[in-house]
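Coordinates in review
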Amino acid sequence: MSANIEGNTLASHNGCQMENIIKSLYPEAEFHYKGVIDFVIDGVKVENKSCQEYINATGNHNGMRSGRFCFDALQHQTLIEQGGDYSFLVQKDSNPIFFARVHAKNLKLGKWSGVKAVCWKTIMRMVI
């Protein structure tokens, strides 16, 4: 899916769907719909990241590429400073195929400003 209205709508829908999965896994989670972090579980701030396993990409030779998680530098630094976690969900046809919850400080993303996109396979290698 390319960056367009249809793709953005699908991404938003998938994000909400994956958030519902987190709610079922952690019914005690306190969701914060405004602010830097998505929710709190047992006093730990957690940011939810989700992506598709593969998306359409016109620039690739086979027309597909692996999905990406988007990280915000301020959000990442906030999670590290406050001992927070990420929950990662990769989905295929709206079904989760990979889930991990990881301490933000354990991700070696380097230094950057703004937003950074990282292939879900790269993240998976960091957390397994």
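Refer to the structure above for everything that follows.
This write-up is about the structure you can find in this document. (Residues numbered from 1 in each chain as written. Predicted model: local features only at pLDDT ≥ 70, side-chain atom pairs only at ≥ 80, totals over all residues. Heavy atoms only, no water.)

A closer look at the nonpolar core
Considering soluble globular proteins, one finds that nonpolar side chains tend to be buried as a cluster. Where we set the bar: Working definition of a nonpolar core: buried Ala, Val, Leu, Ile, Met, Phe, Trp, Tyr and Cys residues. They are joined through side-chain atoms within 4.5 Å. Think of it in three bands: with a 1.4 Å probe and only protein chains considered, a residue is buried below 20% of the maximum accessible area for its type, exposed above 50%, and partly exposed in between. By definition, any uninterrupted DSSP run of H or I lasting at least four residues is a helix, any uninterrupted run of E lasting at least two residues is a strand, and each is numbered from the N terminus. Note on definitions: a residue-residue contact is assigned when non-hydrogen atoms from the two residues lie within 4.5 Å.
The biggest cluster of nonpolar side chains holds 19 residues, and the ones touching the most others in it are Phe69, Phe71, Tyr86, Phe88, Leu107, Leu109 and Ile123. Going through the elements one at a time, strand 6 (68-72), helix 2 (73-81), strand 7 (85-92), strand 8 (95-103) and helix 3 (120-127) are the ones with two or more residues in this core. Sequence-distant contacts of Phe88, that is, excluding residues within four places in its chain, are made with Lys49, Phe69, Phe71, Phe98, Phe99, Ala100, Val102, Leu107 and Ile123. Counting residues in each nonpolar core, the second largest holds nine residues, with Met18, Ala29, Val46 and Leu89 among its members.

A word on the environment of Val44
Tracing the backbone shows Val44 in strand 3 (residues 44-52). Counting along the chain gives 39 residues from Val44 to Gly83, while the straight-line C-alpha distance between them is 7.1 Å. Excluding its chain neighbours within four sequence positions, the residues that come into contact with Val44 are Phe39, Gly83, Gly84, Asp85 and Arg101.

What to know about the side chain of Gln91
Along the chain, the position of Gln91 falls in strand 7. Once you skip the residues sitting within four places of it in the chain, Gln91 turns out to touch Asn14, Gln17, Met18, Cys51, Gln52, Glu53, Pro96 and Ile97.

Here we look at the packing of aromatic side chains
We count it as follows: Aromatic pairing here means that ring centres of Phe, Tyr or Trp (its six-membered ring) are within 6.5 Å. Orientation follows from the plane angle: under 30 degrees is stacked, over 60 is edge-to-face, and everything else is tilted. Comment: the charge-over-ring label is applied if NZ (Lys) or CZ (Arg) is within 6 Å of the ring centre and within 35 degrees of the ring normal.
Applying the stated criterion across every chain, the model contains six aromatic pairs. Considering the side-chain rings of Phe31 and Phe39, the 4.8 Å spacing of their centres and the 35 degrees angle between planes classify their relative orientation as tilted. Ring centres of Phe71 and Tyr86 lie 5.2 Å apart, and the angle between their planes is 85 degrees; this geometry places the pair in the edge-to-face category. Taken together, the positions of Phe71 in strand 6 and Tyr86 in strand 7 put the pair 15 residues apart, joining distant regions of the chain. Comparing Phe71 with Tyr86 shows no difference in burial state: the two are buried. Connected via pairs of aromatic rings, a cluster forms that spans Phe69, Phe71, Tyr86 and Phe88. One residue, Lys49, lies across the ring of Phe71, its end atom 5.7 Å from the ring centre. Lying over the aromatic face of Tyr26, Arg101 brings its terminal NZ or CZ to 5.3 Å of the ring centre.

A word on the sheet that holds strand 3
The condition that has to hold: Two strands make a pair as long as DSSP finds a minimum of two bridges between them.
Across the sheet, five strands lie side by side as 1-2-3-7-8; this open sheet has mixed pairing. Each having just a single partner strand, strand 1 (30-31) and strand 8 make up the two edges of the open sheet. As defined by bridge partners, strand 2 (residues 39-41) adjoins strand 3 across three bridges and the pair is classed as antiparallel. Following the sheet pairing, Phe39 is matched in strand 3 by Val46.

Concerning the pattern of salt bridges
Side chains carrying opposite charge are able to pair once their charged atoms draw close together. Basically, it comes down to this: What counts as a salt bridge is simple: a side-chain nitrogen of Lys or Arg found within 4 Å of a carboxyl oxygen of Asp or Glu.
Throughout the structure, instances matching the rule amount to two salt bridges. Between Lys49 and Glu47 there is a salt bridge, and its shortest N-O distance comes to 3.7 Å. You can call Lys49 buried: its relative accessible area is 8%. Owing to a relative accessible area of 6%, Glu47 belongs among the buried residues under this scheme. The closest approach of N and O atoms between Arg101 and Asp85, which form a salt bridge, is 2.9 Å. Separated by 16 residues along the polypeptide, Arg101 in strand 8 and Asp85 in strand 7 bring together distant segments of the chain.

That is the geometry; function is a separate question.
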